[in-house]
Amino acid sequence: MALLPSNLQTIESHMLEVQSLHPTASGSFTGLLSDITFAAKIISREVNKAGLVEDILGATDEENVQGEVIQKLDDYANNIFLRCLGTRGQVCMMGSEELADPVITDTREGSGNYIVVFDPLDGSSNIDANVSVGTIFGIWRRKSRLDKVGMEDLLQPGMEQVAAGYVIYGSSTMFVYTAGHGVHGFTLDPSLGEFLLSHENIQTPFRGKIYSVNEAYEPRWTPEVREMVRQLKYGRHTKASSRKDKPTAGSGMSTRYIGSLVADFHRNLLYGGVYLYPPYEGRPQGKLRMMCEAAPLAMVAENAGGYASNGQESILTVKPTELHMRTPLYIGSRDDVLWIEKTLSKAEEAI
Ligand code: AHG
Ligand code: MN
Ligand code: MN
């Protein structure tokens, strides 16, 4: 008997299926997600052209609010997001890594029910070398009514997100998102211009073999972080004094660090592992941004059975104090991140 091939499903049809789980849904949320997939297709097209077309690669003359050089593709992706989102009046406010202030788009009663915060191009310093980059987004529901859209709508904790996800522009382009009903991945078929369901209900392993951290900052880490990473590398519960020159084979983890958070996170989500961006001397809160990077990926991680922490508590419980607030981030396989959180907290208690 011949086996039936697995079903082909577009992202739109999958989103409509999820929408049908909420009989009162108006469709505006599904419309918003669909707008994001459209922006992703345009950015993907442009990323794939980089290297062939002049004036796409390289830096602009500007810096963003965090003092980082804005690459031309950062700027391009940011503008695409601003132009594609909320075409059906679903969005009242947008926050971008590249813009100092949030953009208020719709304050009318009964419309503009969502706030979207995004990192339009993540890992953009890698773009000139044809290394994977990404886009990250989080969606919150508006709290206020009428024309009073304000900072209390924007500054909500990650646990209040109604959906979150990312796009990875890699050897293929993938769109991965969760609206609280599992984490699903869709691969772009460029000839069709459609995202097709390729990774249904992603579950990340509880423990992994990979840790991802920029170890060049090791001299500037706190002793607690240094010791925690040492244990990841040499095997947990080993004392520094009992270590010989080489770790026992198989006792520790392996390291992989691309320098594009989306790409490092995506690999660890599928294979199991942890991504770490600890604080270090000169950056007491690390580098990553709570609202446009940490909180959205934390929602994805938790819905896939993983966990995300700032070293003391779940990323999802922290209420941001400003759009560009930074946070230390430990994210990935549940047991591994819980171990990191426990190890860092114990070390802090001992001080
Ligand atoms: P962005 O390109 O959006 O500014 O983000 C870059 C981030 C993240 O993608 C990556 O993991 C991290 O910066 C790398 O930072 P370091 O070079 O300090 O390791
Ligand atoms: Mn980023
Ligand atoms: Mn960015």
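Our structure is the block above this text.
Residues numbered from 1 in each chain as written. Chains lettered and ligands numbered in written order. Predicted model: local features only at pLDDT ≥ 70, side-chain atom pairs only at ≥ 80, totals over all residues. Heavy atoms only, no water.

Caption draft 1: Summary view of unusual backbone geometry. We note that N130 has phi near 60°; this positive angle belongs to a residue other than glycine. Residue class for N130 comes out exposed when judged on its relative accessible area of 75%. One non-glycine residue, N201, lies in positive phi territory at about 50°. Looking at where N201 falls in the secondary structure, it is placed in the loop between β10 (194–199) and β11 (210–212). You can call N201 partly exposed: its relative accessible area is 41%. (Buried < 20%, exposed > 50% of the residue type's maximum accessible area, 1.4 Å probe, protein only. Helix = DSSP H or I, 4+ residues; strand = E, 2+ residues; numbered from the N terminus.)

Caption draft 2: Molecular detail of the coordination of the manganese ion (ligand 2). The protein atoms that coordinate the manganese ion (ligand 2) are D119 (OD), D122 (OD) and E293 (OE), at distances spanning 1.9 to 2.1 Å. Each donor residue of the manganese ion (ligand 2) lies on the same chain, and together they follow the pattern D-x2-D-x170-E. Between the manganese ion (ligand 2) and the manganese ion (ligand 3), the interatomic distance is 3.8 Å, and D119 donates to each metal, bridging them. On the criterion of sequence distance, the pair formed by D122 in strand β5 (residues 114–122) and E293 in helix α7 (residues 290–303) is long-range, its members being 171 residues apart. Judged by relative accessible area, D122 falls into the buried class, the value being 5%. (Donors = N, O, S within 2.8 Å, 3.2 Å for Na, K, Ca; no water.)

Caption draft 3: Focus on the packing of helix α1 (residues 11–19) against helix α2 (residues 28–49). Look at α1 against α2: their axes get within 10 Å of each other, and the N-to-C directions meet at 160°. Put simply, α1 runs roughly antiparallel to α2. Crossing angle aside, the handedness with which α1 passes α2 is right-handed. Counted together, I11, E12, M15, L16 and Q19 of α1 and T30, L33, S34 and T37 of α2 form the full contact between these two elements. (Axes fitted to C-alpha atoms, helices over the stretch in contact; angles between N-to-C directions. Parallel < 35°, antiparallel > 145°, perpendicular 65-115°, else oblique. Left-handed = near helix turned anticlockwise from the far one by under 90°. Contact = heavy atoms within 4.5 Å.)

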